[in-house]
Amino acid sequence: MKDTIRLRIFRGDAAGGEEREYEVKTFPGMVVLDAVHQIQNEQDGTLACRWNCKAGKCGSCSAEINGYPRLMCKSRVEDFYDASGMIRVHPIKTFPVVKDLVTDVSWNYKVAETIAPLKLADDEPRPLRMAQDDVERAQEFRQCIECFLCQTVCHVLRDHNRTDAYYGPRFMVKIAALDMHPCDTLERRAFLRQQAGIGYCNITKCCQEVCPEHIHITDNAIIPLKERVADEFYDPFRMLLRKLRRSK
Ligand code: SF4
Ligand code: SF4
Ligand code: FES
């Protein structure tokens, strides 16, 4: 590993900004977040970044390292500097910049508020009992740390800016956890198709590749949800039933 490396870090706010270059001394095991902290402590206390656990579990330190969304606390510097010892660090692209590496991800929390919680039948026996398969399926979805890297990489939100039309992969995971719960009685398919915009996902799997918790977002959440929606709205028998119901 090089003894010193350079970081070109975005400095600015919603009005604009530019990269500024810093040189830092390395140490074994150093991650990009360590380098940012070293700059804050020794060179420039005005550099803003969000972090909390430094253990890949709070989801706060998301940033774009060499143009790709990652957690800074899980990114070893030696995996990212180029031949000249340079790493570029920018805020995540999909959400508005507040300052430097800090973005405003509050849109996600507003989306979360629109998702109805688990709805049990009034006569559901207590305590709730679940088959082990159902427990394991839901467990994967509950590992989400809300880093929003998947939201950041999803081209519907990132390149087409369709936050008005699609909730994004993080919320497909959240809805899947509810919809696949064996005791949930809420019909979520119309909501998924219309308000949550699941049809905008074209299964590129970029979200799945970037997830630090290795959640199979597309394979285990989005594709099964799409199949449920397709069964409801495009199954010819169900379509006929709906038309008959409407004509009464
Ligand atoms: S698979 Fe769907 S949700 Fe995931 S990045 Fe691609 S379009 Fe977005
Ligand atoms: S699904 Fe994965 S990438 Fe998306 S917010 Fe949760 S932990 Fe982050
Ligand atoms: S600081 Fe918590 S995930 Fe990086």
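Residues numbered from 1 in each chain as written. Chains lettered and ligands numbered in written order. Predicted model: local features only at pLDDT ≥ 70, side-chain atom pairs only at ≥ 80, totals over all residues. Heavy atoms only, no water.

K.L.:
An account of empty space enclosed by the protein is requested, with residue identities and associated values reported.
P.N.:
Space left empty within the atom packing is revealed by a probe, the size of a water molecule, rolled over the atoms. Under the definition given, this model contains three cavities of 30 Å³ or more. By volume, the largest cavity is sized at about 100 Å³. Surrounding the largest cavity, 15 residues form its lining, Cys144, Cys147, Cys150, Cys211 and Ile215 being those nearest its centre. If you list the elements that add at least two residues to the lining of the largest cavity, you get helix H4 (149-153) and helix H6 (169-179). Considering only residue class, the lining of the largest cavity consists of twelve nonpolar, no polar and three charged. Taken as a whole, the second largest cavity encloses approximately 80 Å³ of empty space. If you trace the second largest cavity, you find it lined by Cys154, His155, Tyr166, Pro169, Cys201, Asn202, Ile203, Thr204, Lys205, Cys207, Thr218 and Ile222. Residues that form the lining of the second largest cavity fall into these classes: seven nonpolar, four polar and one charged. (1 Å grid on protein atoms, 1.4 Å probe; cavity = no way out; pocket = protein on both sides within 12 Å on 5 of 7 lines; lining within 4 Å. Points joined across faces, edges and corners; volume = space filled by probe spheres on them. Helix = DSSP H or I, 4+ residues; strand = E, 2+ residues; numbered from the N terminus. Nonpolar A, V, L, I, M, F, W, Y, C, P; charged D, E, K, R; others polar.)

K.L.:
Can you lay out the pattern of salt bridges for me, pointing to particular residues and giving the numbers?
P.N.:
Counted under the stated rule, the structure contains 20 salt bridges. Notably, a salt bridge pairs Asp179 with Arg228, separated by 2.9 Å at the nearest N-O pair. Of this pair, Asp179 sits in helix H6 while Arg228 is found in helix H9 (residues 217-234), placing the two residues 49 residues apart along the sequence. For Asp179, a relative accessible area of 12% corresponds to the buried category. Two residues, Glu187 and Arg189, come together in a salt bridge whose shortest N-O distance is 2.9 Å. Salt bridges here are not isolated pairs; linked through shared partners, they connect Arg6, Arg8, Glu19, Glu21 and Arg88. (Salt bridge = Lys/Arg side-chain N within 4 Å of Asp/Glu carboxyl O. Buried < 20%, exposed > 50% of the residue type's maximum accessible area, 1.4 Å probe, protein only.)

K.L.:
Help me get a handle on the site of ligand 2, residues and values and all.
P.N.:
Around ligand 2, the neighbouring residues are Cys144, Ile145, Glu146, Cys147, Phe148, Cys150, Arg170, Cys211, Pro212, Ile215 and Ile217. A molecule is said to occupy a pocket when more than half its atoms come within 2 Å of that pocket's grid points, and by this definition ligand 2 occupies the largest cavity. For the shell around ligand 2, the residue count by class is nine nonpolar, no polar and two charged. (Near = heavy atom within 4 Å. Sits in = over half its atoms within 2 Å of the grid points.)

K.L.:
How would you explain the environment of Arg20 if you had to name every residue and give the values?
P.N.:
In this structure, Arg20 sits in strand E2 (residues 16-25). Taking the C-alpha atoms as reference points, Arg20 and Glu113, 93 residues apart in sequence, are found 38 Å from one another. Beyond its immediate chain neighbours, meaning those up to four positions away, Arg20 contacts Leu7, Arg8, Ile9, Arg11 and Asp44. (Contact = heavy atoms within 4.5 Å.)

K.L.:
Let's hear about unusual backbone geometry: which residues, and what values?
P.N.:
With an omega of -10 degrees, the peptide bond between Arg126 and Pro127 qualifies as cis. In this structure, Pro127 sits in the loop between helix H2 (106-113) and helix H3 (132-142). With a phi angle near 50 degrees, Asp100 is a residue other than glycine that sits in the positive phi range. Along the polypeptide, Asp100 turns up in the loop between strand E6 (97-99) and strand E7 (102-103).

K.L.:
With reference to specific residues and values, describe the pairing of strand E4 (residues 68-71).
P.N.:
With burial as the criterion, only one face of E4 is covered, namely that bearing Pro69 and Leu71; the residues Tyr68 and Arg70 on the opposite face remain uncovered. The pairing of strand E3 (residues 62-65) with E4 spans four bridges and is classified as antiparallel. Residue pairing across strands places Ile65 opposite Tyr68, the latter belonging to E4. Linking E3 to E4, which pair antiparallel, is a turn of two residues; within it Asn66 sits at a positive phi near 50 degrees. (Pairing = 2+ DSSP bridges.)

K.L.:
Describe in detail the nonpolar core, supporting the description with residues and values.
P.N.:
Counting residues in each nonpolar core, the largest one holds 64 residues, and the members touching the most others are Leu7, Ile9, Met72, Ile87, Val89 and Met172. For this core, the element with the highest residue contribution is H6, accounting for seven residues. Looking at this core, you find at least three residues from each of domain 1 (4-103) and domain 2 (106-247). Beyond its immediate chain neighbours, meaning those up to four positions away, Val89 contacts Leu7, Arg8, Ile9, Phe10, Val32, Ala63, Glu64, Met72 and Leu101. (Core = buried A, V, L, I, M, F, W, Y, C linked by side-chain atoms within 4.5 Å. Domains from an automatic or database assignment.)

K.L.:
Could you give an account of the site of ligand 1, naming the residues involved and the relevant values?
P.N.:
Taken together, 13 residues are adjacent to ligand 1, and Cys154, Cys201, Thr204, Lys205 and Cys207 come closest. At a threshold of 2 Å from the grid points, most atoms of ligand 1 map onto the second largest cavity. At the level of elements, helix H8 (206-210) and H9 are the ones that each hand at least two residues to the shell around ligand 1. Of the residues belonging to the shell around ligand 1, the class tally is eight nonpolar, four polar and one charged.

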